[in-house]
Amino acid sequence: MTDTRAIDVSATADVASPPARPAPGGSGPTALITVTGADRPGVTARLFTGLGALGAGVEVLDVEQVVVHGQLVLGVVVRALTGQRPPGSGALVDSLDVVAADVSAATGVQVTVEHGDPGSGGAPAADARRHHVIVLGRPVPPDAVAGAARAIAAVGGNIDAIRRLSDYPVTSFELTVSGAQAAPLRAGLAGVAAETGADIAVEQVGLARRSKRLIVLDVDSTLVRGEVIDELAARAGRADEVARITAAAMNGELDFEQSLRARVAALAGLPESVLDEVREHLVLTPGARTLIRTLQRLGFRCGIVSGGFTQITDPLAASLGLDFSAANTLEVVDGRLTGGLVGEVVDRAAKARALARFAAEHGIPMEQTVAVGDGANDLDMLAAAGLGIAFNAKPFVREQADTALNQPYLDAVLQVLGFTRDEVLDAGPAD
């Protein structure tokens, strides 16, 4: 409740008033200090100690520092406060030159001082858009970085910073880009990815990127290698027939439920024990355990949504310690598959509903969810999630997903989410 009682200012004159907040983007002159050279302890401390000695007339607007293989690059933007000393740009640079000479003599690095733009105050334009552009490859070809840089510039973007996220199992770099709109940026970078073979993902800068709290994975050809139903069909002697139907369904050429029932019908008569055999021979996609373990330790809820079968997916989810799973259920009578299904069919729409249900059960907004899949029946789920990732997907799916990964390692999803290799290692040993 707001206190509306009057206060006698004269009676409290001995109480110090808080200083007025400086307006952003002030009009005082600015300067850029650039430090380069071999990195060593104490360089940054020496520089800021010198700036502090200039007194209240100077404020720090921006700082960027990076060390690449032992070489330091440090940039500092400072501004002279209006009405304080130093009073003008010339005096500001003269004062900073003295600091620069002291730092250089004491540490052996090179320090330069340049006039800044007096009107900018170091602040970005109000309508600027900022995005993270992640370039991944094994390896990352120079053409991919060059092409990404050209594409960014072509849509009016500027690269503000670059950092390496990982060097194993894939190499990945994150470019922070300002001034570009999302749609043309994605379109331009998609062309670069197609030309160079690198994966290039785009995400908007902001809290939403690191606020993701739930991930749902497709199973066949995403969490595990291959298609379970193809393995079952091979044991029924109808592998070629079922594989053709599977491929058409995943490419969006057939209605999923119709194709699923046709494939399941081909399994009629198989003994129930075949399900155990197939489950025991499942091969996880490389990086799957690393992805799940890392996200679980970061507090994510993790689960699977599959057009496959609960007789396979439920034990898989239990073995991985997942929070939830959804899939179809094969009908079994007298120890044999009937060729039919029991209950609701988990198709394209049902996958999206399952994602929404899991998120609601855990009190997680949809914008904080991630979905990963490879087939046409994953499209609704990918679109509904806060971030949809097409993993080694069919072209039809890659074109519609937020981001596409064509690396053979599922833990590359972590780099798309902005996690570095060091953060992954901190979560435990890799696969």
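Preceding this paragraph is the structure being described.
What counts and what doesn't
- Residues numbered from 1 in each chain as written.
- Predicted model: local features only at pLDDT ≥ 70, side-chain atom pairs only at ≥ 80, totals over all residues.
- Heavy atoms only, no water.
- Axes fitted to C-alpha atoms, helices over the stretch in contact; angles between N-to-C directions.
- Helix = DSSP H or I, 4+ residues; strand = E, 2+ residues; numbered from the N terminus.
- Parallel < 35°, antiparallel > 145°, perpendicular 65-115°, else oblique.
- Left-handed = near helix turned anticlockwise from the far one by under 90°.
- Contact = heavy atoms within 4.5 Å.
- Nonpolar A, V, L, I, M, F, W, Y, C, P; charged D, E, K, R; others polar.
- Expected span 1.5 Å × (residues − 1).
- Buried < 20%, exposed > 50% of the residue type's maximum accessible area, 1.4 Å probe, protein only.
- Arc of directions from axis to C-beta.

1. Digging into the packing of helix 3 (residues 142-154) against helix 4 (residues 182-196)
Here is step 1 of the chain: The interhelical angle for the contact between helix 3 and helix 4, taken along N-to-C directions, is 160 degrees, at an axis separation of 9 Å. The pairing of helix 3 with helix 4 is recorded here as roughly antiparallel in orientation. Once helix 3 is placed against helix 4, the crossing between them reads as right-handed. Contact residues: Asp 143, Ala 144, Gly 147, Ala 148, Ala 151 and Ile 152 in helix 3; Leu 185, Gly 188, Leu 189, Val 192 and Thr 196 in helix 4.
Here is step 2 of the chain: Looking at the contact of helix 3 with helix 4 residue by residue, the class counts come to 7 nonpolar, 3 polar and 1 charged.

2. Some points on helix 3
For the α-helix, the turn length of 3.6 residues means that residues three or four positions removed from each other point alike.
Here is step 1 of the chain: With 13 residues, helix 3 should reach 18 Å at 1.5 Å per residue; the first-to-last C-alpha distance of 18 Å fits that figure.
Here is step 2 of the chain: Within the sequence span of helix 3, burial applies to Ala 144, Gly 147, Ala 148, Ala 151 and Ile 152. For helix 3, the angular spread of the buried residues around the axis is 135 degrees, confining them to a single face. Seen from the open side of helix 3, the exposed residues pointing more than 90 degrees away from its buried face are Pro 142, Asp 143, Arg 150, Ala 153 and Ala 154.
Here is step 3 of the chain: Contacts made by the buried residues of helix 3 are with strand 5 (130-137), strand 6 (158-166), strand 7 (171-178) and helix 4.
Here is step 4 of the chain: Immediately downstream of helix 3, the backbone of Gly 156 shows phi near 85 degrees, a positive value.

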